[in-house]
Amino acid sequence: MSSVEANAAEPVTTIVTPIRVDYQFTAGLAQSRFLKGISEGRFLGQRCPRCKKVYVPPRGSCPTDGVATTDEVVLANKGTVTTYCVVNVPFVGQSIEIPYICAQVLLDGADIAFMGLVQELPADQVRMGLRVEAVWVEPSELAPNLSSVKYFRPTGEPDAEYESFSQYL
Amino acid sequence: MTRPVAVVSFAQSKNVRREDHRNEVEVLLPVVGEVLGNVGLTKDDMGFVCSGSSDYLVGAPFSFVMALDAVGVWPPMRESHVEMDGAWALYEAWTLLCEGEIDTALVYSFGRSSPGELLRVLALQLDPYYMAPLWPDPVALAALQARALIDEGRASEADFAEVAARSRRAAMDNPYAQVTGDRSPEELLADDYVVAPLRRHALPPITDGAAAIVLAAGDRASALIERPAWITGIDHRIEPHALGARDLTKSPSTRRAAVGARLLADEASSSVDVEVAELHAPFAHQELILRDALRLSDKVSVNPSGGALAANAMMVAGLVRIGEAAARVMDGRASSALGHATSGPCLQQNLVCALSAQRPADEGVGR
């Protein structure tokens, strides 16, 4: 057998071609405003001038109407759990002890729910309509990223009526 | 060709080296607003929306889906996207309009090259086994093409400088241009080489920008504006991916696309006869190759906008060529024009769009 035939008998099945490209992400004007707000310990949304919905985090445009959302709205520090899940599955890199609660929180004044953790509540007591408030890191630790919001915790207020958030599920 | 379809509106962002603060949606939003507003339409009037962009530029998956926030797609719309220059999105919209189910379409494209390393990003469009791992950047590949053109005795570095000087001078009248200036070819020849034989002026700028066009069919187009820029033909062709398999000094795909766009009766025809030609030639020498392929006469006004040497937003500059050509038909400066778009290394893919103030005959729906 010639060397060419010998090589042909062993097909090349894999090659490695390392590729690396670096990017510098631009958050955009609206999201930059939001992140700046986070670093000040508050939630900033933006209102669509047409449908009047308030988006948080704002992305600069109303995805329904396609117009710029220019009116800034300072949202409340509290809101309502619209839906949730209880995480019972361990995974690599998990930083919180299971079971824990991940919830969609509709901040008062907003028209879109916001993802957050719910703590200071046994996982089996979370429910739709639960009233919660944001707990922030120490003022000195505030930064323009969502780690500044440690979690949401129950306010103790009566649960919100289902009708009050049924349009936001 | 089936029923007549026309460009009725065109808008573009100011082309800049770097959009420091606005993201893709924020760059696109005013452009879409303007292109619809020009003809008194809203997104709800659009039968179809088609965009052109590349996720590789911003390094974000499905960035074209995010970009739809600039249009607003509720109630749900008929929409499509090409991972190519917006000129090819326009082609897709044109075919749908020809089918007769819709009367209007919005075409847009956006490209911010500043977030990534453009030369490396563009190397990734090459053959992934033998070429891309060597990272040959588009400037080096274009330089090989320019060298081949010189070696054939068909052009000189002075010719490249001539193209660049004319483009920059023309761009002084273009408020959206990025590179403008009144420097003579002799002055430009004092530039340093970036990659020989290409000096700085023979290269396109790196650009962030966006553009949009509204297409309308038949009577709808005539009702929207006085002078629609009718598409009398459009076609695109591609050449082999392997650079070694091509004669880089020629552009047979452009010539064939010109035949498909009805600008030439056949490939042996003598020349393309239009008043204005907006050629998407990112490198100066590529304009010479395209002129040869189309056999444009000296009477044709080439790149009155300044062309891609004045602004070259990736995925956008081709659509802008069609828009600039159409704008000259719509405002009466020309009665016939062509817009050309290219994609891939060394003019690999080429699209030719023929435009006229004269409404073509309605050939009925369907091919």
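Residues numbered from 1 in each chain as written. Chains lettered and ligands numbered in written order. Predicted model: local features only at pLDDT ≥ 70, side-chain atom pairs only at ≥ 80, totals over all residues.

Caption draft 1: Looking closely at helix H10 (residues 252-260) of chain B. Every buried residue of H10(B) is accounted for by B:Ser253, B:Thr254, B:Arg255, B:Arg256, B:Ala257 and B:Ala258. Following H10(B) by one or two positions, B:Arg262 adopts a phi angle in the positive range, close to 65°. (Buried ≥ 20, exposed ≤ 12 C-beta atoms within 10 Å, placed from the backbone. Helix = DSSP H or I, 4+ residues; strand = E, 2+ residues; numbered from the N terminus.)

Caption draft 2: Region of the structure containing the sheet that holds strand E4 (residues 104-112) of chain B. Residues and elements named next belong to chain B. Spatial ordering of the open sheet is given by E3-E2-E4-E7-E1-E8-E12-E11-E9-E10, a layout of ten strands whose pairing is mixed. With one partner strand each, in any of the chains shown, strand E3 (79-82) and strand E10 (301-302) form the two edges of the open sheet. Both strand E2 (residues 49-52) and E3 contribute to a ladder of four bridges, which runs parallel. From the neighbouring strand, Cys-50 faces E3, where its bridge partner is Ser-80. (Pairing = 2+ DSSP bridges.)

Caption draft 3: Broad picture of the packing of helix H4 (residues 86-99) of chain B against helix H12 (residues 317-330) of chain B. Residue and element names in this part refer to chain B. Where H4 contacts H12, the axes come no closer than 6 Å and their chain directions differ by 60°. Regarding the angle of H4 to H12, the classification is oblique. Counting all contacts with H4, which are made through Gly-86, Ala-87 and Leu-90, the residues of H12 involved are Gly-318, Leu-319 and Ile-322. Across the contact of H4 with H12, the residue classes tally to four nonpolar, two polar and no charged. (Axes fitted to C-alpha atoms, helices over the stretch in contact; angles between N-to-C directions. Parallel < 35°, antiparallel > 145°, perpendicular 65-115°, else oblique. Contact = placed C-beta atoms within 7 Å. Nonpolar A, V, L, I, M, F, W, Y, C, P; charged D, E, K, R; others polar.)

Caption draft 4: Quick peek at the interface of chain B and chain A. At the junction of the two partners, chain B supplies 26 residues and chain A supplies 23 residues. Only helix H1 (24-37) and helix H5 (118-123) of chain B provide two or more residues apiece to the side of chain B that touches chain A. Residue contributions to the side of chain B that touches chain A peak at four residues, all from H1(B). The residue makeup of the side of chain B that touches chain A, split by class, is 14 nonpolar, five polar and seven charged.

Caption draft 5: Seen up close, H4(B). All names here are of chain B. In a regular helix each residue adds 1.5 Å, so 14 residues correspond to 20 Å; H4 covers 20 Å between its end C-alpha atoms and thus fits that length. The buried fraction of H4 amounts to ten of the 14 residues, a majority that puts the element mostly inside the structure. Here H4 has its buried residues at Gly-86, Ala-87, Trp-88, Ala-89, Leu-90, Tyr-91, Ala-93, Trp-94, Leu-97 and Cys-98. In the segment just after H4, Gly-100 is the residue with positive phi, at about 95°. (Expected span 1.5 Å × (residues − 1).)

Caption draft 6: View of the domain arrangement of chain A. All names here are of chain A. The domains assigned to chain A are domain 1 (26-75) and domain 2 (77-169). Using only C-alpha atoms to locate each centre, domain 1 and domain 2 end up separated by 20 Å. Across the contact, 14 residues belong to domain 1 and 15 residues belong to domain 2. Partitioned by chemical class, the residues of the side of domain 1 that touches domain 2 number eight nonpolar, three polar and three charged. (Domains from an automatic or database assignment.)

Caption draft 7: The environment of B:Glu99, seen in detail. All names here are of chain B. Within the secondary structure layout, Glu-99 lies in helix H4. Classification of Glu-99 by C-beta neighbours within 10 Å gives partly exposed; the count is 14. Residues Glu-99 and Arg-3, 96 residues apart in the sequence, show an inter-C-alpha distance of 8.1 Å.

Caption draft 8: Local environment of the pairing of strand E5 (residues 100-107) of chain A. Residues and elements named next belong to chain A. Most of E5 is tucked away: six of the eight residues are buried. Examined bridge by bridge, E5 and strand E6 (residues 114-118) share five bridges and lie antiparallel to one another. Paired with Cys-102 across the bridge in E6 is Leu-117. Count of turn residues in the E5/E6 antiparallel hairpin: six residues, of which Gly-109 carries a positive phi of about 100°.

Caption draft 9: Here's a closer look at the sheet that holds strand E1 (residues 44-47) of chain A. Residues and elements named next belong to chain A. Taken together, three strands build an open sheet; the order of strands is E2-E1-E3 and the sheet is antiparallel. Both outer strands of the open sheet, strand E2 (54-55) and strand E3 (71-74), are each paired with one neighbouring strand and no more. Bridge count for E1 against E3 is four bridges, and the pairing is antiparallel. Bridged to Gln-46 within E3 is Glu-72.

Caption draft 10: The environment of A:Tyr168, seen in detail. Residues and elements named next belong to chain A. Mapped onto the fold, Tyr-168 is located in the segment after helix H3 (162-165). Spatially, the C-alpha atom of Tyr-168 lies 11 Å from that of Phe-114, the residues being 54 residues apart in sequence. Apart from residues lying up to four places away in sequence, Tyr-168 is in contact with Thr-82, Leu-106 and Ala-113.

Caption draft 11: View of the packing of helix H6 (residues 138-151) of chain B against helix H11 (residues 284-294) of chain B. Residues and elements named next belong to chain B. In contact at an axis separation of 9 Å, H6 and H11 are set at 55° when each is read in the N-to-C sense. As far as their axial angle goes, H11 and H6 are oblique. At the point where H6 passes H11, the crossing takes the left-handed sense. Together, Gln-145, Ala-146 and Leu-149 of H6 and His-285, Leu-288 and Ile-289 of H11 make up the contact between the two elements. Split by residue class, the contact of H6 with H11 holds four nonpolar, two polar and no charged. (Left-handed = near helix turned anticlockwise from the far one by under 90°.)

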